[in-house]
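The chain contents come next:
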Amino acid sequence: MDDRVAATLREDPTMAALIDRHGRLAIRPADDEFTRLCTSIVNQQLSTASAAAIHERFVAVLGGDPTPDRVLAADEDALREAGLSGTKVEYLREAAGAFRDGERDLTREGLAGASDADVVAALTEIRGVGEWTARMYLIFALGREDVLPLGDLAVRKGIQQVYSDGEELGRAEMREIAESWRPYRSYGTRYIWAEYES
């Protein structure tokens, strides 16, 4: 996080306190976009601890970081024994097929000129990739700096914890809170996650 991002976020006193508490957090593109998409698919609807354990076993079954060919060649029973549901195995294979054979380049270079909305639209054409997974891809695979993933339960709970002492807030209220983070809402989101998980 550079000084420009920090200065923008510090205009919100609550966010300034989170920066002081958690230090400088980064938003960086992933080294490999497909690997990052697999992580998001594995993580769908799981606690952080469960997701990490299953992901580790998933990588072990593949014999290395996920690639489309490794995912498509992996034994389905072994993937299920690693803790993946049959549905998630299907989703991972759909994503592998889209990356290997897809008509559209879903890498950072291929999506460089696409808006966030266009990226979400392209990704959600893949069976098993919904809005949440697509927004995680924007932040963690592509390194987009201005994403507010209100479909993420931890983000919503975290905003409520930090800004309203746990009192329920509507999504419109959360969007209004995050307006002061623009154009760096991905960074603000990382601080909310950091605080919520601490």
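A brief look at the structure comes next. Once a new chain begins, its residue numbering starts again from 1 and follows that chain's sequence as written. Confidence filtering applies because this is a predicted model: local features only for residues at pLDDT of at least 70, side-chain atom pairs given and counted only at 80 or more, and all residues used for totals across whole chains, interfaces and linings. For the side-chain quantities, the full set of heavy atoms in the structure was used; hydrogens and water were omitted.

**Things to note about the environment of A98**
Helix and strand assignments come from DSSP, with helices taken as H or I runs of at least 4 residues and strands as E runs of at least 2, each series counted from the N terminus. Within the element layout of this structure, A98 appears in helix α7 (residues 86-101). Counting along the chain gives 25 residues from A98 to L123, while the straight-line C-alpha distance between them is 9.2 Å. We call two residues in contact when some of their heavy atoms are within 4.5 Å. When sequence neighbours within four positions are dropped, the list of residues in contact with A98 reads L106 and I126.

**What about the packing of aromatic side chains?**
Under the pairing criterion, centres of Phe, Tyr and Trp rings, with the six-membered ring standing for Trp, must be within 6.5 Å; the plane angle then separates stacked pairs below 30 degrees from edge-to-face pairs above 60, leaving the rest tilted. Using the criterion set out here, one finds four aromatic pairs in the structure. Between Y163 and W181 the ring centres are 6.3 Å apart and the planes differ by 45 degrees, which places this aromatic pair in the tilted class. With Y163 in helix α10 (residues 153-164) and W181 in the loop between α11 (171-178) and α12 (185-197), this pair connects stretches of sequence that are 18 residues apart. Per-residue accessibility, obtained with a 1.4 Å probe over protein chains only, is compared with the maximum for each type, and a residue is labelled buried under 20%, exposed over 50%, and partly exposed between these values. Looking at W181, the relative accessible area reads 0%, which means it is buried.

**Focus: the pattern of salt bridges**
Counted as salt bridges are all cases of a side-chain nitrogen of Lys or Arg within 4 Å of a carboxyl oxygen of Asp or Glu. On inspection of all chains with the given rule, the structure shows 14 salt bridges. Close ionic contact of R24 with D3 constitutes a salt bridge, the shortest N to O distance being 3.0 Å. Pair noted here: R24 is in the loop between α2 (13-22) and α3 (33-43) and D3 is in helix α1 (residues 3-9), with a separation of 21 residues, a long-range link. For R24, a relative accessible area of 49% gives the class partly exposed. R182 is paired through a salt bridge with D146; the nearest N and O atoms lie 3.4 Å apart. Pair noted here: R182 is in the loop between α11 and α12 and D146 is in the loop between α9 (131-141) and α10, with a separation of 36 residues, a long-range link.

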